[in-house]
Amino acid sequence: MGQGWADEFAGARAGHLYRSACLLTAGDTHLAEDLVQETLGRLYVSWHRVSRAGNPAAYAQTVLTRTFLAQRRRRSSTERATDVLPERADTAGGDASLRLTLLEALARLPVKDRAVVVLRYWEDRSIQETADVLHVSSAAVRTRCVRALARLRELLGEDLAEYAAT
């Protein structure tokens with residue numbers, strides 16, 4: 001498959017990658033855009049290997065998650081995280097306050113716990129697939145899931161099931 005397929009793949013997957021990146025970055029749309037661009041660049045450069053993968057979409061999600069974790073490790077000391085999200089227009093419809101509440105709760109999780117939650121519950125990956133992406137054991141994934149969900153329950157209160165149902 002040639003680079004034309006890479007362009008087609010990027011166009012088809014960019015939106016999904018962006019949504020996953022927004023969750024990983026807890027709503028930081030600028031960082032999410034940077035993550036997607038870096039991910040697509042890496043995929044383009046190694047498209048000959050990606051195109052031979054059994055599931056290029058899963059490969060792309062793995063690259064996105066690993067890129068996110070690598071960026072978090074090397075984050076510049078001049079960057080400052082904030083707990084205040086900028087006001088934005090609600091162009092996607094739905095309940096904006098619910099989305100903001102969930103993003104704020106995700107932002108309060110440790111980075112690796114957030115990655116586990118996104119991979120397991122947004123990407124609907126198995127425990128073993130999540131462990132493979134994060135280079136950890138399946139027991140570590142289970143432990144992080146339990147800890148992250150307990151923290152989300154603490155932050156969101158008893159209404160966590162209501163948030164999950166919407």
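This text goes with the structure placed above it.
Criteria and cut-off values
- Residues numbered from 1 in each chain as written.
- Predicted model: local features only at pLDDT ≥ 70, side-chain atom pairs only at ≥ 80, totals over all residues.
- Heavy atoms only, no water.
- Phe/Tyr/Trp six-rings, centres within 6.5 Å; stacked < 30°, edge-to-face > 60°.
- Helix = DSSP H or I, 4+ residues; strand = E, 2+ residues; numbered from the N terminus.
- Buried < 20%, exposed > 50% of the residue type's maximum accessible area, 1.4 Å probe, protein only.
- Lys NZ or Arg CZ within 6 Å of the ring centre and 35° of its normal.
- Expected span 1.5 Å × (residues − 1).
- Arc of directions from axis to C-beta.

Some details on the packing of aromatic side chains
Piece 1. Counted by the stated rule, this structure contains one aromatic pair.
Piece 2. Ring plane angle 45° and centroid distance 5.3 Å describe the contact between Phe9 and Trp47, whose orientation is recorded as tilted. Taken together, the residues span a long stretch of sequence, with Phe9 in helix H1 (residues 3–24) and Trp47 in helix H3 (residues 47–50) at a distance of 38 residues. For the pair Phe9 and Trp47, a shared accessibility class is recorded, and that class is buried.
Piece 3. Over the face of the ring belonging to Tyr121 we find Arg120, whose NZ or CZ atom lies 5.6 Å from the ring centre.

Points about helix H2 (residues 29–45)
Piece 1. Across its 17 residues, H2 extends 24 Å between first and last C-alpha, which sits within 8% of the 24 Å expected from 1.5 Å per residue.
Piece 2. For H2, the complete set of buried residues consists of Thr29, Ala32, Leu35, Val36, Thr39, Leu40 and Leu43. The arc enclosing the buried residues of H2, seen along the axis, measures out at 125°, which places them on a common side. Facing away from the buried side of H2 by more than 90 degrees, the exposed set consists of His30, Gln37 and Val45.

Let's talk about unusual backbone geometry
Piece 1. Its identity as a non-glycine residue notwithstanding, Asp124 has a phi of 55°, on the positive side.
Piece 2. Along the polypeptide, Asp124 turns up in the loop between helix H6 (111–122) and helix H7 (127–134).
Piece 3. Phi is positive for His135, which is not a glycine, with a value near 55°.
Piece 4. Along the chain, the position of His135 falls in the loop between H7 and helix H8 (138–156).
Piece 5. Under the relative-accessibility criterion, His135 is labelled exposed at 60%.

None of this, on its own, says anything about what the molecule does.
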